[in-house]
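What the coordinates show
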Amino acid sequence: MECVVQGIIETQHVEALEILLQGLCGVQRERLMIHEICLKSGPHLGTVASEVRLLCDLEQSEPSWTVRHIGGAMRGAGADQVSVLVRSMVESKTSKNALRLFYALGYKLDHELLKVGFSFNFYRGAQITVTVASINKMLKLHATDEAVPVTPGIQLVEVTAPATSETYTEVASAMSSFCEYLAPLLHLSKPGVSTGVVPTAAAAAASLMSDGGGTTL
């Protein structure tokens, strides 16, 4: 399973966020260009509806493919007591023939996206990944070179960390502590909870840009 929170930031403040993340994480960013294909199968006799995502990493010299299934979110008192969404997630490396396989299994294309940006991977009480990316839609099937932004001027920020049923509370605590450092620039919450752009983002970004960088904390 994994813990996740999301937020949005205006593109004009992304450089300031990168400076802040560089100082906090102490590692170099990794460039990101992911072609995400969402496939769904309808309910059939004896089965329930299913959704999988095929992710093609276009930053690699030889594009690599991953298949990911995101399950339901944890519910109950335990879920309500943490500030992150805890959900089941399974993923595995696969071949470029995976799309053909899922079509043969009865899956149909629901939508596809192109995510372009960067990520930071680091350990801070948990193995945390921060992804900052513009979300783009394809005007033609699989035409990644013609993708256009879904929300121009806005980028998605996602913080994730792997967890288990025994460790999710500690992972959630580590993520929440880290996210507090980002609060002047953006607010991170459980996916599906819209919080909008933070009013203090412009001032915080200006301060970071004038400093020219951050220090490792």
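Residues numbered from 1 in each chain as written. Predicted model: local features only at pLDDT ≥ 70, side-chain atom pairs only at ≥ 80, totals over all residues. Heavy atoms only, no water.

Brief notes about the overall build of the chain
Threshold: Put simply, DSSP marks the helices as runs of H or I at least four residues long and the strands as runs of E at least two long, and each gets a number from the N terminus on. Radius of gyration here is computed from C-alpha atoms only, and the compact-globule reference equals 2.2 Å multiplied by the residue count raised to the power 0.38.
Across its full length, the chain carries five helices and nine strands. Counted from the first residue to the last, the chain has its helices and strands arranged as β-α-β-β-β-α-β-α-β-β-β-β-α-α. Here the chain has a C-alpha radius of gyration of 18 Å; the compact-globule value for 217 residues is 17 Å, and the two agree. Across its three principal axes, the chain shows a C-alpha extent of roughly 60 × 45 × 30 Å.

Some details on the environment of Ser207
The criterion, for reference: Burial classification: accessible surface area is computed with a 1.4 Å probe over protein chains only, and a residue below 20% of its type maximum counts as buried, one above 50% as exposed, and the rest as partly exposed.
With respect to the helices, strands and loops of the structure, Ser207 is situated in helix H5 (residues 201-211). Classification of Ser207 as partly exposed rests on a relative accessible area of 38%. Along the primary structure Ser207 and Ala174 are separated by 33 residues, whereas in three dimensions their C-alpha atoms are 26 Å apart.

Let's talk about unusual backbone geometry
Phi angles above zero are rare outside glycine, and His142 is one such case at about 60°. Locating His142 in the fold gives a position in the loop between strand S7 (127-137) and strand S8 (148-149).

Digging into H5
Using the following cut-off: Summarising the geometry, the arc corresponds to the directions from the helix axis toward the C-beta atoms. The contact criterion used is simple: two residues touch if any of their non-hydrogen atoms lie within 4.5 Å.
Buried within H5 are the following residues: Ala201, Ala204, Ala205 and Leu208. Projected onto a plane normal to the axis of H5, the buried residues spread over an arc of 100° and lie on a single side. Opposite its buried face, H5 presents the exposed residues Ala203 and Ser210, each directed more than 90 degrees away. Against helix H1 (14-25) lie the buried residues of H5.

Some thoughts on the pairing of strand S2 (residues 30-41)
Formally: Here a strand pair is declared whenever DSSP counts at least two bridges between the two strands.
One ladder, built from 11 bridges, connects S2 with strand S6 (residues 108-123); its direction is antiparallel. The residue bridging Arg31 from the neighbouring strand is Phe118, located in S6.

Regarding the layout of surface pockets
One water molecule sets the probe size; rolling that probe over the atoms shows where empty space is left. The line we're drawing: Put plainly, a pocket is an open set of points on a 1 Å grid over the protein atoms alone with protein on both sides within 12 Å along at least five of seven lines, a cavity is a set where a 1.4 Å probe fits but cannot get out, and a lining residue has an atom within 4 Å of a point. Grid points are joined across faces, edges and corners, and a volume is the space filled by probe spheres set on the points. Under this grouping Gly is polar, as are all residues other than the nonpolar Ala, Val, Leu, Ile, Met, Phe, Trp, Tyr, Cys and Pro and the charged Asp, Glu, Lys and Arg.
Roughly 1,300 Å³ of internal volume is contained in the largest pocket. Lining the largest pocket are 43 residues, with Leu55, Arg68, Lys115, Thr131 and Glu158 sitting closest to its centre. Contributions of two or more residues to the lining of the largest pocket are made by strand S1 (2-10), S2, strand S3 (50-57), strand S4 (64-73), strand S5 (85-94), S6, S7 and strand S9 (154-162). In the lining of the largest pocket, the residues fall into 16 nonpolar, 14 polar and 13 charged. In this model, the second largest pocket occupies a volume close to 160 Å³. As for the second largest pocket, its lining consists of Val5, Ser83, Val84, Met175, Ser176, Cys179, Glu180, Ala183, Leu186, His187, Leu188 and Ser189. It is helix H4 (residues 168-180) that contributes the most residues to the lining of the second largest pocket, four residues altogether.

A word on the pattern of salt bridges
Close approach of charged atoms allows side chains with opposite charge to pair. Our working definition: Any carboxyl oxygen of Asp or Glu within 4 Å of a side-chain nitrogen of Lys or Arg constitutes a salt bridge here.
Applying the stated criterion across every chain yields a total of nine salt bridges. The closest approach of N and O atoms between Glu18 and Arg29, which form a salt bridge, is 3.4 Å. Of the two residues, Glu18 is situated in helix H1 and Arg29 in the loop between H1 and S2; the sequence distance between them amounts to 11 residues. Classification of Arg29 as partly exposed rests on a relative accessible area of 36%. With a closest N to O distance of 3.6 Å, Lys40 and Glu51 form a salt bridge. Taken together, the positions of Lys40 in strand S2 and Glu51 in strand S3 put the pair 11 residues apart, joining distant regions of the chain. Overall, the relative accessible area of 26% leaves Glu51 in the partly exposed class.

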